[in-house]
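Given next are the chains, with one letter for each unit.
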Amino acid sequence: MKQEQLKAWQPDQFDRFVRILEQDQLNHAYLFSGFFGSLEMAQFLAKSLFCTDKVGVLPCEKCRNCKLIEQEEFPDVTLIKPVNQVIKTERIRELVGQFSQAGIESQQQVFIIEQAEKMHPNAANSLLKVIEEPQSEVYIFFLTSDEEKMLPTIRSRTQIFHFKKQEEKLILLLEQMGLVKKKATLLAQFSQSRIEAEKLANQASFWTLVDESERLLTRLLAKKKKVISKLLN
Ligand SMILES: [Zn+2]
C-alpha cells in the first residue's frame, strides 16, 4: 500500500508518525493494535529507515529498497507470521541468533510480527532483549488484533498505537472491487483486516458459505415463527 492510501486509511496515525519521523523519535518497539493499516504502517516506517531517495522524512516508494519492502522481500525487514496458529520460539531464536552472530553493529533491522499474541513468552523475551542492547538499531513492530492477549512484558515495553477498523472506508474499497453494497457491508463487518476482506471477496467458497448460512437462518426463523404461533394459539 502506498502512503497516499495509508494516509486516507488512517489519517491520524499517519500524521502522528510523520511528526515522529520529523523529530527523529522513532521508538524501537511498537505495539500496533488492530489490523486496519497496521501492517502497512510498519512497512511505511521500515521504508522510511531504508529508502535511498527520501523526500524529507517520507520514503520515495520508487527506489529498490522501497519496492523490495513493499513486496516483503527486503532482507533487513523480516515479516513473521504464525504457522499453524503458532509463532515458534525456535524461529525467533534462529533469527535473533543470525543477527547477533553476524556481529553486525549499527545496521538497521526491522521485525514485523503479525498476530503477535500467538508468540510464546520466551520468543518475545529474546526479541525484546535485542532492542535493549545500547547499540541496537533493531526496530520491532508487534501487530495484534487482540491487545488483551498480548503479554504484559510486551505491553509494558512498547508504545501502543490503535488502528481502528474503518468500516465505511472498507465498504467503499470493496464496492470499488466490484461487490454490491449488501455483500460489501457484510464482508466489511465480518473481516478483521483489509487484507482478509480482499482475500475473501474473491473466494467463491466464502460466498457459498454465506448463502448457505442465510438459507439456514431463514429456515430456522420460519420454524421459530411456527413454534411461537402454535404456543400462542
Ligand atoms: Zn525509496
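Check the entry above for the structure.
Computed from a predicted structure; not experimentally measured.

Chemist: Would you mind going over the packing of helix α9 (residues 181-190) against helix α11 (residues 204-232) with me for this structure?
Modeler: Helix-helix packing is characterised by the crossing angle of the two axes and by the distance between the axes. Where α9 meets α11, the closest approach of the two axes is 13 Å, and the angle between their N-to-C directions is 95°. Considering their axes alone, α9 and α11 lie roughly perpendicular with respect to each other. Every residue of α11 that contacts α9 at Lys182, Lys183, Leu186, Leu187 and Phe190 is listed here: Phe206, Trp207, Val210 and Glu214. By residue class, the composition of the contact of α9 with α11 is six nonpolar, no polar and three charged.

Chemist: For this particular structure, what's the right way to read the coordination of the zinc ion?
Modeler: Perfect tetrahedral coordination of a metal by four donors corresponds to 109.5 degrees between them, and perfect octahedral coordination by six donors corresponds to 90 or 180 degrees. Protein ligation of the zinc ion involves Cys51 (SG), Cys60 (SG), Cys63 (SG) and Cys66 (SG), the donor distances falling in the range 2.3 to 2.4 Å. Around the zinc ion sit four donor atoms; with metal-centred angles ranging over 102 to 120°, the donor geometry is tetrahedral. The exposure class of Cys66 is buried, given its relative accessible area of 1%.

Chemist: Mind showing me how you'd approach the side chain of Glu61 here?
Modeler: Considering the arrangement of structural elements, one finds Glu61 in the loop between α3 (38-50) and α4 (64-70). At 2.7 Å, the side chain of Glu61 and the side chain of Lys47 are in polar contact. Every residue in contact with Glu61, bar those within four places of it in the chain, is listed here: Lys2, Gln3, Lys47, Cys66, Lys67 and Glu70.

Chemist: Is there a simple way to think about the pairing of strand β2 (residues 77-80) in this case?
Modeler: Walk down a regular strand and you will see the side chains alternate between the two sheet faces. Alternating residues of β2 divide into Val77 and Leu79 and Thr78 and Ile80, and every residue in both groups is buried. Strand direction decides the pairing type here: β2 and strand β3 (residues 109-113), joined by four bridges, are parallel. For Ile80, the partnering residue across the bridge sits in β3 and is Ile113.

Thresholds applied
- Residues numbered from 1 in each chain as written.
- Predicted model: local features only at pLDDT ≥ 70, side-chain atom pairs only at ≥ 80, totals over all residues.
- Heavy atoms only, no water.
- Axes fitted to C-alpha atoms, helices over the stretch in contact; angles between N-to-C directions.
- Helix = DSSP H or I, 4+ residues; strand = E, 2+ residues; numbered from the N terminus.
- Parallel < 35°, antiparallel > 145°, perpendicular 65-115°, else oblique.
- Contact = heavy atoms within 4.5 Å.
- Nonpolar A, V, L, I, M, F, W, Y, C, P; charged D, E, K, R; others polar.
- Donors = N, O, S within 2.8 Å, 3.2 Å for Na, K, Ca; no water.
- Tetrahedral: all angles 85-135°; square planar, octahedral: opposite > 155°, others 65-115°.
- Buried < 20%, exposed > 50% of the residue type's maximum accessible area, 1.4 Å probe, protein only.
- Polar contact = N/O pair within 3.5 Å; in protein donor to acceptor, adjacent residues only side chain to side chain.
- Pairing = 2+ DSSP bridges.

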